[in-house]
Amino acid sequence: MMDSKDLTLKILALELRLYKPSHSIPIQQSDSDSESAPSKPNRAAVLVCLFQGDHGDLRVILTKRSSNLSSHSGEVSLPGGKREEGDADDVETAMREAKEEIGLDPSLVNVVTVLEPFVNKRGMIVVPVIGILSDKKAFVPAPNASEVEAVFDTPLEMFLKDENRRAEEREWMGDKYLLHYFDHESDNERYVIWALTAGILIRTASIVYQRPPAFLERTPKFWSRTVV
């Protein structure tokens, strides 16, 4: 007989499989015959890996990047990274990177959908891939020390609540927007989830729980801009 946890995750998987992103940015294939081909925008994918906690809440796996990295060192991020030539699609990018960074076996994750791409200021396209980890106990984190300092998880619903959250108004190219920061404590360590990672998790939580956040979001317009 299926227990309530398995049933909840199966229902969630069915619901998320029905989600269709409002827009996407196709992967540009390299043209080896063209020496004057325009430079292609960078593309990355991140894994939003959801599982059910001991108290029945939906949780998401996050990492703290190594302090030795040249970019975004020490920041909280979702497992993921840049697309490589051999990657068939964004799902493969996210799963490959998650295995490299935290030792997450792709066979443990049921990928259910991808969300609309986010574009950062530098034109990097970031595609969130949503996956469900049914058996959390089967995943034993094995962080790659050169990339990841810590692996932890948070309740997904916290990204809809106006608790342990603060925001700063920023402006870029005439567009005023809010940058959100969420504070979280795990195993006596304090983490701050902010910027693009927070934006992706607000979007994910809004879709999963089918309600908007309890605060003014005001996202940057450049996150959804078209990159050619």
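Quick note: structure is the one above.
Calculation criteria
- Residues numbered from 1 in each chain as written.
- Predicted model: local features only at pLDDT ≥ 70, side-chain atom pairs only at ≥ 80, totals over all residues.
- Heavy atoms only, no water.
- Helix = DSSP H or I, 4+ residues; strand = E, 2+ residues; numbered from the N terminus.
- Expected span 1.5 Å × (residues − 1).
- Buried < 20%, exposed > 50% of the residue type's maximum accessible area, 1.4 Å probe, protein only.
- Pairing = 2+ DSSP bridges.
- Contact = heavy atoms within 4.5 Å.
- Polar contact = N/O pair within 3.5 Å; in protein donor to acceptor, adjacent residues only side chain to side chain.
- Phe/Tyr/Trp six-rings, centres within 6.5 Å; stacked < 30°, edge-to-face > 60°.

Draft legend 1. Fine view of helix H3 (residues 195-209). The end-to-end C-alpha distance of H3 is 21 Å, a good match for the 21 Å that 15 residues give at a rise of 1.5 Å each. Counted residue by residue, H3 has twelve buried out of 15 residues, so it is predominantly covered. Among all positions of H3, only Leu-196, Thr-197, Ala-198, Gly-199, Ile-200, Leu-201, Ile-202, Thr-204, Ala-205, Ser-206, Ile-207 and Val-208 are buried. Just downstream of H3, Gln-210 is the residue with a positive phi angle, here 55°.

Draft legend 2. Representation of the pairing of strand E10 (residues 175-186). Most of E10 sits inside the fold, with nine of its twelve residues counted as buried. By the bridge criterion, eight bridges tie strand E9 (residues 165-172) to E10 in an arrangement that is antiparallel. Bridging across to E10, Arg-170 finds its partner in Tyr-177. Between E9 and E10, which pair antiparallel one after the other, the connecting turn spans two residues, and Met-173 there sits at a positive phi close to 50°. Between E10 and strand E11 (residues 189-194), which pair antiparallel and follow one another directly, the connecting turn spans two residues, one of which, Asp-187, has a positive phi of 50°.

Draft legend 3. Main features of helix H2 (residues 90-102). Compared with the 18 Å implied by 1.5 Å per residue over 13 residues, the 18 Å span of H2 between its first and last C-alpha is a close match. Every buried residue belonging to H2 is among Asp-90, Thr-93, Ala-94, Met-95, Arg-96, Glu-97, Ala-98, Glu-101 and Ile-102, and all of these are buried. Contact partners of the buried residues in H2: strand E1 (43-52), strand E2 (58-65), strand E4 (80-82), strand E5 (109-114), strand E7 (125-133) and strand E8 (148-155). One side-chain oxygen of the residue at the start of H2 lies 3.2 Å from the amide nitrogen of Val-91, identifying that residue as Asp-89.

Draft legend 4. Region of interest: the packing of aromatic side chains. Scanning all chains against the criterion turns up seven aromatic pairs. Ring plane angle 65° and centroid distance 5.4 Å describe the contact between Phe-118 and Trp-223, whose orientation is recorded as edge-to-face. Of this pair, Phe-118 sits in strand E6 (residues 118-119) while Trp-223 sits in the segment after H3, and the two are 105 residues apart along the sequence. Exposure class is identical for Phe-118 and Trp-223. Each is buried. Aromatic side chains Tyr-181 and Trp-194 sit 5.3 Å apart centroid to centroid with 5° between the ring planes, which places their arrangement in the stacked category. With Tyr-181 in strand E10 and Trp-194 in strand E11, the pair connects residues that are 13 residues apart, well separated along the chain. Tyr-181 sits in the buried class, given a relative accessible area of 9%.

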